[in-house]
Amino acid sequence: MVDAFVSFAVEKLGNFLIQEVALRRSLRENVQWLRNELLFMQSFFKDAEEKQVEDLRVQQWIFEISSIANDTVAILETYSSNVAGKGSTNDGFASRLKSCACICRKETKLYNVGKEIQSLKKRIMDISRKRETYGIRNINIIAGEGPSNRSNNRSALIRTLRRTTSYADDQDQIFVGFQEVIERFLAELLKEEPRQSVISIYGMGGIGKTTLARNLYNSPSLITSFPTRAWICVSQEFNTPDLLRNIIKSIQGCTKEILDLLEKMTERDLESYLRDLLKERKYLLVVDDVWHKEAWESLKRAFPDSKKGCRVIITTRKEDVAESADNKGFAYKLRFLGQEESWDLFCKKLRRVDKFDNIGWSPAMERIASEMVERCGGLPLAIVVLSGLLSHKKGLVEWKKVKAHLWHHMQNNSIEISHILSLSYNDLSTELKQCFLYFGIFPEDSVINTEKLMCLWMAEGFIPRVGERMEDVAEDFLNELVRRSLIQVAKTFWEKIIGCRIHDLLRDLAVKKATEVNLFDIYDPRKHSVPLSRHRHAIHAQAQRYLSLDFSTLKLRTLLFFDVEIGSQDSKKFTSYCNMFQHLYVLDLERIRFTQPALPDAIGNLVHLKFLGLLGANDFKLPPSIGKLKNLQTLQVLNPDRSSCILPPQMSNLINLRHLIARYEGAVQLSKLTSLQTLKYIRCDRLKYDDAVGLLNLQELVMEKVMNSYSLNVIGSLKSLRTLILGCEYGEPFPPLEPLSSCQNLNKLWLHGKIEKLPLSDQLPKSITMMVLWSSRLVEDPMPILGMLSNLRNLDLVDAYEGKEITCNDDSFGQLEFLRLSKLRGLERWHFAATAMPLIKGFGILGCSKLQEIPKRMKRVALLEIMKMETEARYRFPGFYI
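Residues numbered from 1 in each chain as written. Predicted model: local features only at pLDDT ≥ 70, side-chain atom pairs only at ≥ 80, totals over all residues. Heavy atoms only, no water.

A. Focus on the overall build of the chain. The helix and strand inventory of the chain stands at 31 helices and 33 strands. A buried classification covers 55% of the 882 residues belonging to the chain. Sequence separation of at least 24 residues holds for 63% of the intrachain contacts in the chain that already meet a minimum separation of 6. Surface exposure of the chain reaches about 38100 Å², of which carbon and sulfur atoms provide 49%. (Helix = DSSP H or I, 4+ residues; strand = E, 2+ residues; numbered from the N terminus. Buried < 20%, exposed > 50% of the residue type's maximum accessible area, 1.4 Å probe, protein only. Contact = heavy atoms within 4.5 Å. Areas by Shrake-Rupley, 256 points an atom, 1.4 Å probe, with all protein chains shown as cover.)

What follows is the structure in structure tokens.
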């Protein structure tokens with residue numbers, strides 16, 4: 001991991017030497033010496049990081065080098081911030097006098113840089129002396145891993161990942177050995193008993209409690225039987241008001257009125273409000289990961305017994321919590337898998353990851369794998385992580401090495417799960433290690449938005465530039481971690497992972513390893529200070545107390561607020577924070593509201609900022625100084641109530657901006673934002689033809705309030721567009737759709753609003769693979785036209801057609817794999833030709849009550865969950881008109 005810190009410092013030193021061509025000779029020599037020394041040290045890091053676990057001396061050596069690397073970056077960034085001249089267009093004596101003053105100030109700054117570089121040089125020499133004095137001699141240079149080969153290895157890594165599929169299946173579907181348990185639980189949940197009852201699932205970490213609960217929660221029979229459902233994760237450090245708010249929001253939604261109301265409520269108010277909300281409903285609640293009896297006791301008062309057969313599912317590691325949840329309820333201790341079940345799970349996971357059915361493996365490999373699986377002791381998490389590890393080890397020799405390592409750490413004839421997890425972590429590349437450890441910065445049990453996660457990875461510098469789009473590389477990294485079973489898929493949409501989570505045991509590993517290498521710090525309110533060696537901070541609770549600390553000596557790089565109780569912030573105080581945190585790359589304020597309706601002008605001081613997340617409100621203004629953030633890659637302004645913020649014209653100066661996610665007012669010249677990849681929630685009147693011509697790299701566009709008078713020729717000029725989401729102004733029909741045929745790279749198309757007439761298939765982009773028609777209210781059968789789209793694989797029709805018949809002709813939908821029909825309330829007959837949809841895999845139908853019969857072949861196709869699709873669509877496009 002220190003390799004990444006040092007690489008970044010080496011890059012900064014190289015840029016400094018290039019930009020400052022007139023350095024004094026002594027300063028240039030010292031900078032060059034420091035750069036060369038750090039380059040040389042990189043040769044040792046892989047071996048050193050593997051040895052640090054067993055040798056505290058090596059761990060200290062790594063710690064000191066990473067501190068020097070971070071201090072180097074901070075020194076150079078401070079210098080570049082201070083000497084960045086504002087320039088002057090004035091002529092005459094005053095201007096020349098000001099220029100002389102600037103030169104003098106620059107010389108002073110360079111003198112200070114020289115002193116600090118000299119100090120770093122002494123520290124490196126001291127580290128080298130200590131290495132000899134304390135006998136740290138057994139760190140070897142790794143052949144092929146020196147600086148000269150590092151870029152080639154990175155390129156090879158990316159090429160390997162790019163060859164793999166971009167879609168990772170939800171591993172929760174790989175559920176082995178518990179079918180009889182599921183049937184027993186379903187019987188308990190669905191039995192004819194009017195009183196509320198609690199079903200408890202308990203067992204050790206990694207045994208599959210949450211996976212079982214999720215399978216039950218998503219069971220079609222329970223979806224049908226319980227009109228109201230909600231899921232909350234409690235975890236060790238629970239906050240009862242926050243949990244109550246989450247349940248209410250999942251039931252009622254997140255409108256501005258509800259959010260404002262909940263924010264003002266006390267715990268007793270919330271409890272009373274939830275009771276009133278549930279008292280006439282038949283509900284199913286899942287309370288996941290309960291550690292203490294007190295957590296359940298603080299929640300259960302809000303769950304009324306309406307005598308309608310309501311059910312609550314609890315998962316916990318503690319037997320006493322499970323047994324005491326309901327004295328008339330049902331508690332089940334989840335067992336370990338048997339030997340045959342363990343092998344079945346291992347093989348299923350391995351085949352999904354690497355298609356071993358096609359590659360094959362030798363009897364010797366099968367024997368080794370069987371022995372290792374047996375030693376996993378029937379623990380599902382250990383088995384799937386082991387399969388993820390072995391899927392990337394090709395051949396008998398490499399499998400034997402894995403076995404030897406695990407056997408070395410075996411206790412009581414079984415493998416400790418911590419060693420399997422650590423071995424899987426150590427098998428990652430440096431870049432993947434950083435990305436994995438970053439999951440530890442998020443609160444326990446949280447579902448992580450992958451779009452935001454990948455933007456954070458890019459801002460942190462974790463994603464190498466190797467010729468590919470950084471976004472594509474980041475997505476490959478995410479899929480790789482999923483394939484290795486280090487990360488779990490929580491939500492998917494359009495064959496992409498949109499939400500993910502990390503198992504508690506793996507998160508513990510991530511936090512432990514991140515602490516060892518000083519990657520980040522999670523603020524502990526019990527302490528009166530924060531560690532100076534960690535430059536990334538996450539605040540999960542008591543943010544106000546955190547902000548009262550002294551940061552004058554801290555060169556902070558990342559600041560992420562997850563505290564939902566932080567409340568409003570005074571703009572004047574925020575100005576002082578901007579003056580203190582001038583080294584920030586990442587600032588996420590999406591939980592913080594400001595007392596004034598404007599972001600303070602001091603935000604412009606954060607010139608190194610690459611990611612800025614804000615919680616906006618109606619008429620929330622960003623200042624002109626935002627234009628100074630020339631390094632900004634992502635600007636995300638969330639408006640829970642779909643209101644607009646106000647962006648200044650200076651936004652056009654953000655030439656490195658890649659992702660603009662905001663509903664906004666204001667005259668922003670988008671044509672200058674040539675790096676823009678994502679533009680979400682823009683109104684149609686904010687995107688004109690002249691703007692679109694400059695958006696050469698735009699990949700995803702989400703546009704709202706499209707008017708019938710708007711010309712889609714503007715969108716037709718976006719030649720790189722892959723994903724297009726369009727929503728009409730309420731009551732307005734779409735303008736003619738034919739101009740979209742010019743978007744020759746368009747893969748995914750979502751149209752939300754009335755369509756008066758669907759274009760012929762040859763007037764739609766032939767590249768479309770996924771399509772959603774929502775509230776289209778077509779009067780002509782769309783299937784003959786849609787069936788001719790030669791690459792269409794996924795089709796969703798929601799309230800899209802008002803007619804009585806649909807017809808799927810011969811040889812139509814040749815590539816279609818998934819079809820969902822929802823709220824086609826007038827549909828009565830479905831004519832289905834024998835050769836239509838030859839590749840169909842999944843089918844879902846909901847709200848088509850007049851349909852007389854489903855075609856026989858479609859009855860044999862796997863059933864898809866309509867409700868899940870709609871929920872994940874809302875998650876993918878929060879606040880979009882769904």
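B. Main features of empty space enclosed by the protein. One pass over the full model with this rule turns up three cavities of 30 Å³ or more. As for the largest cavity, its lining consists of 14 residues, of which F561, F574, Y577, L587 and L589 are closest to the centre. For the lining of the largest cavity, the elements supplying multiple residues, two or more each, are β13 (558-561), α26 (571-580) and β15 (586-589). Its residues assigned to classes, the lining of the largest cavity comprises 13 nonpolar, one polar and no charged. (1 Å grid on protein atoms, 1.4 Å probe; cavity = no way out; pocket = protein on both sides within 12 Å on 5 of 7 lines; lining within 4 Å. Points joined across faces, edges and corners; volume = space filled by probe spheres on them. Nonpolar A, V, L, I, M, F, W, Y, C, P; charged D, E, K, R; others polar.)

C. Expanded view of the packing of helix α21 (residues 430-438) against helix α23 (residues 470-483). At a closest axis distance of 10 Å, the pairing of α21 and α23 adopts a crossing angle of 75°. By the angle between their axes, α21 is roughly perpendicular relative to α23. From α21, E431, L432, C435 and F436 reach across to α23, where they touch F477, E480 and L481. Partitioned by chemical class, the residues of the contact of α21 with α23 number five nonpolar, no polar and two charged. (Axes fitted to C-alpha atoms, helices over the stretch in contact; angles between N-to-C directions. Parallel < 35°, antiparallel > 145°, perpendicular 65-115°, else oblique.)

D. Representation of the sheet that holds strand β1 (residues 197-202) within the structure. Strands sit in the order β2-β3-β4-β1-β5 across an open sheet of five strands; the sheet is parallel. Across the chains shown, the open sheet's two edge strands, defined by having one partner strand only, are β2 (228-233) and β5 (330-333). Strand after strand, the sheet turns through a mean of 10° between neighbouring axes, direction not considered. Pairing of strand β3 (residues 283-290) with strand β4 (residues 311-316), which is carried by five bridges, proceeds in the parallel orientation. (Pairing = 2+ DSSP bridges.)

E. Looking closely at the environment of R857. Summarising the element assignment, R857 is placed in helix α30 (residues 856-859). Judged by its relative accessible area of 23%, R857 is partly exposed. Expressed as a C-alpha distance, the spacing of R857 and I840, which sit 17 residues apart in the sequence, is 9.5 Å. The contacts of R857, once residues within four sequence positions are left out, are F832, A833, A834, T835, A836, M837, P838 and I840.

F. The sheet that holds strand β9 (residues 488-493), seen in detail. Judged by pairing direction, the sheet is antiparallel, and its three strands sit side by side in the order β8-β10-β9 without closing on themselves. Here the strands that pair on one side only, and so sit at the sheet edges, are β8 (448-449) and β9. Sheet analysis places β8 next to strand β10 (residues 496-501), joined by two bridges and oriented antiparallel. Of the residues in β10, the one forming a bridge with N449 is G499.

G. Structural detail: the nonpolar core. Ranked by size, the top nonpolar core spans 107 residues in total, and within it Y546, L635, L660, L701 and I715 carry the most contacts. With near-sequence residues (within four places) excluded, L660 lies in contact with L635, L647, M651, L670, L676, T678, L679 and K680. By size, the runner-up hydrophobic cluster in this structure holds 96 residues, among which are V181, F477, L486 and L506. (Core = buried A, V, L, I, M, F, W, Y, C linked by side-chain atoms within 4.5 Å.)

H. Expanded view of unusual backbone geometry. Of note, the phi angle at D289 is positive, near 65°, even though the residue is not glycine. Mapped onto the elements, D289 comes out in strand β3. Judged by its relative accessible area of 8%, D289 is buried. Phi at D445 takes a positive value of approximately 70°, unusual for a residue other than glycine. Along the chain, the position of D445 falls in the loop between α21 and β8.

I. Local environment of the pattern of salt bridges. Scanning the entire structure with this criterion turns up 41 salt bridges. Across the salt bridge formed by E471 and R658, the nearest N and O atoms sit 2.8 Å from each other. Taken together, the positions of E471 in helix α23 and R658 in the loop between β20 (645-646) and β21 (659-662) put the pair 187 residues apart, joining distant regions of the chain. Take R658: its relative accessible area is 12%, and that puts it in the buried class. Between D472 and R722 there is a salt bridge; the shortest N-O distance is 3.4 Å. In this pair, D472 sits in helix α23 while R722 sits in the loop between α28 (713-716) and β25 (723-728), placing the two residues 250 residues apart along the sequence. (Salt bridge = Lys/Arg side-chain N within 4 Å of Asp/Glu carboxyl O.)

J. Representation of the packing of helix α22 (residues 450-460) against α23 within the structure. Axis separation between α22 and α23 bottoms out at 10 Å; the angle between their running directions is 115°. Relative to α23, α22 is oriented roughly perpendicular. Of the two elements, α22 crosses α23, and the hand of that crossing is right-handed. Here α22 contributes T450, L453, M454, W457 and M458 to the contact with α23, which in turn contributes M470, E471, A474, E475, F477, L478 and L481. (Left-handed = near helix turned anticlockwise from the far one by under 90°.)

K. How the structure looks around helix α13 (residues 293-300). Those residues of α13 that sit buried are A295, W296, S298 and L299. The arc enclosing the buried residues of α13, seen along the axis, measures out at 160°, which places them on a common side. The inward-facing, buried residues of α13 contact β1, β2, α10 (240-252), β3 and β4. (Arc of directions from axis to C-beta.)

L. Local environment of α21. Summarising burial for α21: nine of the nine residues are buried, a large majority. For α21, the complete set of buried residues consists of T430, E431, L432, K433, Q434, C435, F436, L437 and Y438.

M. Looking closely at the packing of aromatic side chains. If you walk through the whole model with that rule in mind, you get 21 aromatic pairs. Judged by centre distance (5.0 Å) and plane angle (50°), the ring pair of Y546 and F551 falls under tilted. According to the relative accessible area criterion, Y546 is buried, its value standing at 0%. The class for F551 is buried, based on a relative accessible area of 1%. Ring centres of W750 and W774 lie 5.5 Å apart, and the angle between their planes is 5°; on these two criteria the pair is classed as stacked. Of this pair, W750 sits in strand β26 (residues 748-752) while W774 sits in strand β27 (residues 770-774); the two residues are 24 residues apart in sequence, bridging distant segments of the chain. When its relative accessible area of 0% is taken as the criterion, W750 is described as buried. Taking the relative accessible area as the measure of exposure, W774 reaches 5% and is therefore buried. Here the aromatic cluster, defined as three or more aromatic residues joined through ring pairs, consists of Y523, Y546, F551, F561 and F581. Its guanidinium or amino end placed over the ring of W407, K403 lies 5.2 Å from that ring's centre, counting from NZ or CZ. (Phe/Tyr/Trp six-rings, centres within 6.5 Å; stacked < 30°, edge-to-face > 60°. Lys NZ or Arg CZ within 6 Å of the ring centre and 35° of its normal.)

Any functional reading would require information beyond the geometric quantities listed.
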